[in-house]
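# Analysis of the macromolecular model
Letter by letter, the chains look like this.
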Amino acid sequence: MEQNFTPQDNTLFLLCLVVLTVISGLIVWFNIIGPLLRDIKYIKMEMSRSADETEFKYWKKELKTLYRRHLPIIGRFIK
């Protein structure tokens, strides 16, 4: 038996592919990127509110740790 794909089949396939891509992107955003950006914003706020240099260095270290934990490739370039 020979299968012949019609243009409607191709359109349906592309539509399903687009929907799956959007859903995957949303899952990545809400589970990885969103929390990372929220944590970065919090740490930078704490860095700006730090009272002395010791506290500032602590938050800077926490920011570097956060980058290394969530972005291992970029974390290698941070000293």
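The sections below set out a description of the structure shown in this document. Throughout, residues of each chain are indexed from 1 in the direction in which the sequence is written. Selection of residues for local features in this predicted model requires a pLDDT of at least 70, selection of side-chain atom pairs for listing and counting requires 80 or more, and totals for whole chains, interfaces and linings are taken over all residues. As a rule here, side-chain values come from all non-hydrogen atoms in the structure, and water together with hydrogens is ignored.

### With respect to the pattern of salt bridges
If charged atoms from side chains of opposite charge come close, those side chains can pair. The salt bridge criterion pairs a side-chain nitrogen of Lys or Arg with a carboxyl oxygen of Asp or Glu, the two atoms within 4 Å. Tallied over the entire structure, the rule returns two salt bridges. A salt bridge links Glu 46 to Arg 49; the shortest N-O distance between them is 2.7 Å. Of this pair, Glu 46 and Arg 49 both sit in helix α1 (residues 7-49), separated by three residues, roughly a single helical turn. With a shortest N-O distance of 3.4 Å, Lys 57 and Glu 53 are connected by a salt bridge. One end of the pair, Lys 57, and the other, Glu 53, are both in helix α2 (residues 53-70), four residues apart, so they sit about a helical turn from each other. Each member of the pair, Lys 57 together with Glu 53, is exposed. Counting from the N terminus, the helices are the DSSP runs of H or I reaching at least four residues and the strands are the DSSP runs of E reaching at least two. When accessible area is computed with a 1.4 Å probe and restricted to protein chains, residues below 20% of their type maximum are described as buried, those above 50% as exposed, and intermediate ones as partly exposed.

### So, the environment of Ser 24
For Ser 24, the location among the structural elements is in helix α1. Sequence spacing of Ser 24 and Tyr 58 is 34 residues, and the spatial spacing of their C-alpha atoms is 35 Å.

### Some details on the packing of α1 against α2
Orientation is described by lines fitted to C-alpha atoms, with helices fitted over the stretch in contact, and by angles between N-to-C directions that extend from 0 to 180 degrees. Two numbers describe how α1 lies on α2: the axes approach to 9 Å, and their chain directions differ by 165°. For the element pair α1 / α2, the angle class is roughly antiparallel. Here α1 runs over α2; the crossing is left-handed. In contact with Leu 36, Asp 39, Ile 40, Tyr 42, Ile 43, Lys 44, Glu 46 and Met 47 of α1, α2 contributes Phe 56, Trp 59, Lys 60, Glu 62, Leu 63, Leu 66, Tyr 67 and His 70. Under this scheme an angle from 65 to 115 degrees is roughly perpendicular, one under 35 degrees roughly parallel, and one over 145 degrees roughly antiparallel; angles in between are oblique. For any pair of crossing helices, the crossing counts as left-handed if the nearer helix is rotated counterclockwise from the farther one by less than a right angle, and right-handed if it is rotated clockwise. Pairs of residues are marked as contacts when any of their non-hydrogen atoms sit within 4.5 Å.

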